[in-house]
Amino acid sequence: MTLNTIDAKLLQKMFLAGAKSIEVKKEYINELNVFPVPDGDTGTNMTLTIMSAAKEVSTFENPTVEDLCKAISSGSLRGARGNSGVILSQLFRGLTKEIVEHKQINVIVLANAFQKAVETAYKAVMKPKEGTILTVARGGAERAAELANETTDLVYFGAEVIKRMEEVLARTPEMLPVLKEAGVVDSGGQGLLEIVKGAYDAMLGKKVDITITPATTSTPSTMRKVDVENIATADIKFGYCTEFIIMVEKEYNEKKEHEFKGYLESIGDSIVVVSDDDIIKVHVHTNDPGLAIQRALTYGSLTRMKIDNMREEHNERLIADASAQAAKNIETVEVKKKEPRKPVGFVAVSIGAGINDIFSGLGVDYLIEGGQTMNPSTEDMLNAIDNVNADTIFILPNNSNIILAAEQAKDLTEDKEIVVIPSKTVPQGITAIINYVFDKSTEENQKRMIEEMTRVKTGQVTYAVRDTNIDGKEIKQGNIMGIGDKTILSVGTDISETTLELIENLVDDDSELISLYYGAEVTEEDANQIADQITEKYPMVDVEIHMGGQPIYYYVLSVE
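Residues numbered from 1 in each chain as written. Predicted model: local features only at pLDDT ≥ 70, side-chain atom pairs only at ≥ 80, totals over all residues. Heavy atoms only, no water.

Asks: Provide a residue-level description of the overall build of the protein, including the pertinent values.
Replies: Helix and strand counts for the protein come out as 20 helices and 17 strands. For the protein, with 560 residues in total, the buried portion stands at 57%. Long-range pairs, those at least 24 residues apart, make up 72% of the contacts in the protein with a sequence separation of at least 6. For the protein, the exposed surface amounts to about 24,600 Å²; the carbon and sulfur share of it is 48%. (Helix = DSSP H or I, 4+ residues; strand = E, 2+ residues; numbered from the N terminus. Buried < 20%, exposed > 50% of the residue type's maximum accessible area, 1.4 Å probe, protein only. Contact = heavy atoms within 4.5 Å. Areas by Shrake-Rupley, 256 points an atom, 1.4 Å probe, with all protein chains shown as cover.)

Next up, the structure:
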């Protein structure tokens, strides 16, 4: 079999087959993760990212290449989760930029697209690390470039590119010692390979499943504390919260964007217009959603339309609040913002009821919950930004696997200044916001927050979900692990003993304070017993106990 070109219909089938391929292998890819923690893993994050795009791609009956490129790029960009998901979205972004102008895709176009994909993804990562998904992608792109002048047959081309990617993937343990010690290849690279293999099978005409169904894994809940007791329905001047995305099909430049925003201001308020290449995300409160939609249609077709009656939602919320007041639930409704923007606002990723309360008490405007068991997407970040009525917004990801998604949301936001504080843990995030000083400039605060949070040593205590070997430690499924900022510091079968050993590895002569946040599966009595043992062992160090309420992690702690 030979094939010289790919048309839009085949491209659609190939992309959907690639998405289904990684979905099927998701758990296998998760098992390749070096750290055996019960978090949102690589396979899960990459699957949710590509499925966000696949849902849009599957809606076309007779697509053009341009239709597909827009859906793939924008869908994966908004749905990107975790570092692997963000990198995957950037690979798709670069790929589609190169092929969007071509009705038929041949070897040369595809080779150029692979190169563009790799360039885009490498630029998105501040410190690219070899032995990862990036290396596997680059290996495939390099082989594609070699083949561009050798063949016009896409079947041979695809087989050779996959072969090279497999060879590079097999070498990733030699590039990253931690992979070699654990006896696995890079999980992100494996995920990318599964996508490419699935797409290749579809190109060959093999019978593949391209049915896209809603993801079974729930998305993180985005939450914000609001006080609605004294807000009257009559105070809601514009009754309909209107949101949609414009798939740009006509000229749209800075002048037209200014005119569009001006028109929306004439019919409503709470306006957000975020432009990114070929998509425009729109949010407006208005009494006539039809007017906003009609004007938007002059720029292109619409998708993801959502209109909510805020007065109706407000009345429902008042009824709900009456019965839920004692529970002090974090509300999920959008409340009319009557006052002008404040200078500064804060968004934080949180992991439990107690930690939610701590962040709220420190002045965080919007909480995104789900950092440990499910990494929030870029769109979750954008929604949070939309809901904070401030000129400058500081984002605290509080998880190393969420920082890239926050940075991507920053790049997609034009009407507000976004500052991502690269906090990798909840204690770092708490320290960062404590050190914010309101009469200092954004730049001064950014520097101060980062400096202070890097002084914090973080520990987390959880259980192992698989057998592995890390830094000379043999870990069995079900073992209790004490994890430091960079590696696993203690392993055992008892929660208290493992926690105390973890602390012993973190405390030094300069330590002054140990903060212990106990999780949902730990009682206050158990936490106090550990605190007493810590105080007895380190009498010169202050010990604080907080109810964190986080799932999965028995304790999250910090040493300062």
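Asks: Kindly report on a negative patch on the surface, identifying the contributing residues and their values.
Replies: Taken together, the side chains of Asp-509, Asp-510, Glu-512, Asp-542, Glu-544 and Glu-560 define an acidic patch exposed on the protein surface. Checked against the element boundaries, Asp-542 lands in strand β16 (residues 542–547). (Patch = residues over 30% accessible without salt bridge, like charges linked within 9 Å, V, L, I, M, F, W, Y side chains within 5 Å. Salt bridge = Lys/Arg side-chain N within 4 Å of Asp/Glu carboxyl O. Lys, Arg positive; Asp, Glu negative; His and termini not counted. Charge placed at Lys NZ, Arg CZ, Asp CG, Glu CD.)

Asks: Give me the lowdown on the side chain of Thr-286, citing residues and values where you can.
Replies: In this fold, Thr-286 is placed in strand β4 (residues 279–286). By relative accessible area, Thr-286 is classed as buried at 1%. Within the structure, Thr-286 has its side chain in polar contact with the backbone oxygen of Ile-267 (distance 2.8 Å). Polar contacts involving the side chain of Thr-286 include one to the main-chain amide nitrogen of Asp-288, which spans 3.1 Å. Residues contacting Thr-286, with those up to four places away along its chain left out, are Phe-238, Gly-239, Tyr-240, Thr-242, Ile-267 and Gly-268. (Polar contact = N/O pair within 3.5 Å; in protein donor to acceptor, adjacent residues only side chain to side chain.)

Asks: Residues and numbers for the environment of Val-437, please.
Replies: Considering the arrangement of structural elements, one finds Val-437 in the loop between α17 (426–434) and α18 (442–453). C-alpha of Val-437 to C-alpha of Met-449: the two residues are 12 residues apart in sequence and 9.3 Å apart in space.

Asks: Tell me about the nonpolar core, and name the residues and values.
Replies: Nonpolar side chains tend toward joint burial in soluble globular proteins. Residues Ile-6, Phe-157, Met-203 and Phe-359 are the most contacted members of the largest nonpolar core, which totals 106 residues. Those residues in contact with Met-203 that lie beyond four places of it in its chain are Met-1, Leu-3, Ile-6, Leu-10, Met-14, Leu-154 and Val-155. (Core = buried A, V, L, I, M, F, W, Y, C linked by side-chain atoms within 4.5 Å.)

Asks: Could you give an account of the sheet that holds strand β13 (residues 480–483), naming the residues involved and the relevant values?
Replies: The mixed open sheet is built from 6 strands, whose spatial order is β14-β13-β10-β17-β15-β16. Single-partner strands in this sheet number two, and they are β14 (488–492) and β16. Shown here is a sheet whose adjacent strand axes are inclined to one another by a mean of 15°, direction ignored. Summarising the sheet, strand β10 (residues 457–463) and β13 pair through 4 bridges and their orientation is antiparallel. (Pairing = 2+ DSSP bridges. Axes fitted to C-alpha atoms, helices over the stretch in contact; angles between N-to-C directions.)

Asks: With reference to specific residues and values, describe the packing of helix α3 (residues 42–57) against helix α4 (residues 65–79).
Replies: Between two packed helices, both the angle of their axes relative to each other and the distance between the axes serve to describe the pair. The N-to-C vectors of α3 and α4 enclose an angle of 145°; their axes lie 7 Å apart at closest approach. As for the relative orientation of α3 and α4, their crossing is right-handed in sense. Contact residues: α3 offers Leu-48, Thr-49, Ser-52, Ala-53, Glu-56 and Val-57, while α4 offers Leu-68, Ala-71, Ile-72, Ser-74, Gly-75, Ser-76, Arg-78 and Gly-79. Residues that form the contact of α3 with α4 fall into these classes: 6 nonpolar, 6 polar and 2 charged. (Left-handed = near helix turned anticlockwise from the far one by under 90°. Nonpolar A, V, L, I, M, F, W, Y, C, P; charged D, E, K, R; others polar.)

Asks: Could you give an account of the pairing of strand β17 (residues 555–559), naming the residues involved and the relevant values?
Replies: Most of β17 sits inside the fold, with 5 of its 5 residues counted as buried. Covered by surrounding structure in β17 are Tyr-555, Leu-557 and Val-559 together with Val-556 and Ser-558, the residues of both alternating faces. Summarising the sheet, β10 and β17 pair through 5 bridges and their orientation is antiparallel. Following the sheet pairing, Gly-459 is matched in β17 by Leu-557. Pairing between strand β15 (residues 513–518) and β17: 5 bridges, direction antiparallel. Across the sheet, Leu-516 pairs through a bridge with Leu-557, a residue of β17.

Asks: So, the packing of aromatic side chains: which residues are in play, and what are the values?
Replies: Two descriptors summarise a pair of aromatic rings, namely the distance from one centre to the other and the angle between the planes of the rings. Inspection of every chain in the model, using the stated rule, returns 9 aromatic pairs. For the pair Tyr-252 and Tyr-299, a centre-to-centre distance of 5.3 Å together with 80° between the ring planes defines the contact as edge-to-face. One end of the pair, Tyr-252, is in the loop between β2 (240–248) and α11 (254–267); the other, Tyr-299, is in the loop between α12 (289–296) and β5 (300–309), with 47 residues separating them in the sequence. Classification of Tyr-299 by relative accessible area gives buried; the value is 7%. Note on Phe-394 and Tyr-436: the rings are 5.4 Å apart at their centroids and 70° apart in plane angle, and the pair reads as edge-to-face. (Phe/Tyr/Trp six-rings, centres within 6.5 Å; stacked < 30°, edge-to-face > 60°.)

Asks: Summarise helix α15 (residues 378–386); cite the residues concerned and give the values.
Replies: In terms of burial, α15 is a largely internal element, 8 of the 9 residues being buried. Those residues of α15 lying buried are Thr-378, Glu-379, Asp-380, Met-381, Leu-382, Ala-384, Ile-385 and Asp-386.

Asks: Can you tell me about the packing of α11 against α12, naming the residues and giving the values?
Replies: Two elements in contact, α11 and α12, have axes whose closest approach is 10 Å; the angle formed by their N-to-C orientations is 170°. Here α12 runs roughly antiparallel to α11, going by the angle between their axes. Of the residues in α12, those touching α11 at Phe-260, Tyr-263, Leu-264 and Ile-267 are Leu-291, Ala-292, Arg-295 and Ala-296. Taken together, the residues of the contact of α11 with α12 break down into 7 nonpolar, no polar and 1 charged. (Parallel < 35°, antiparallel > 145°, perpendicular 65-115°, else oblique.)

Asks: Help me get a handle on the environment of Pro-343, residues and values and all.
Replies: For Pro-343, the position within the fold is in strand β6 (residues 342–350). For Pro-343, a relative accessible area of 61% gives the class exposed. Sequence separation of Pro-343 and Phe-438 is 95 residues, and the distance between their C-alpha atoms is 9.5 Å. Contacts of Pro-343, omitting those with residues within four sequence positions, involve Ala-390, Asp-391 and Thr-392.

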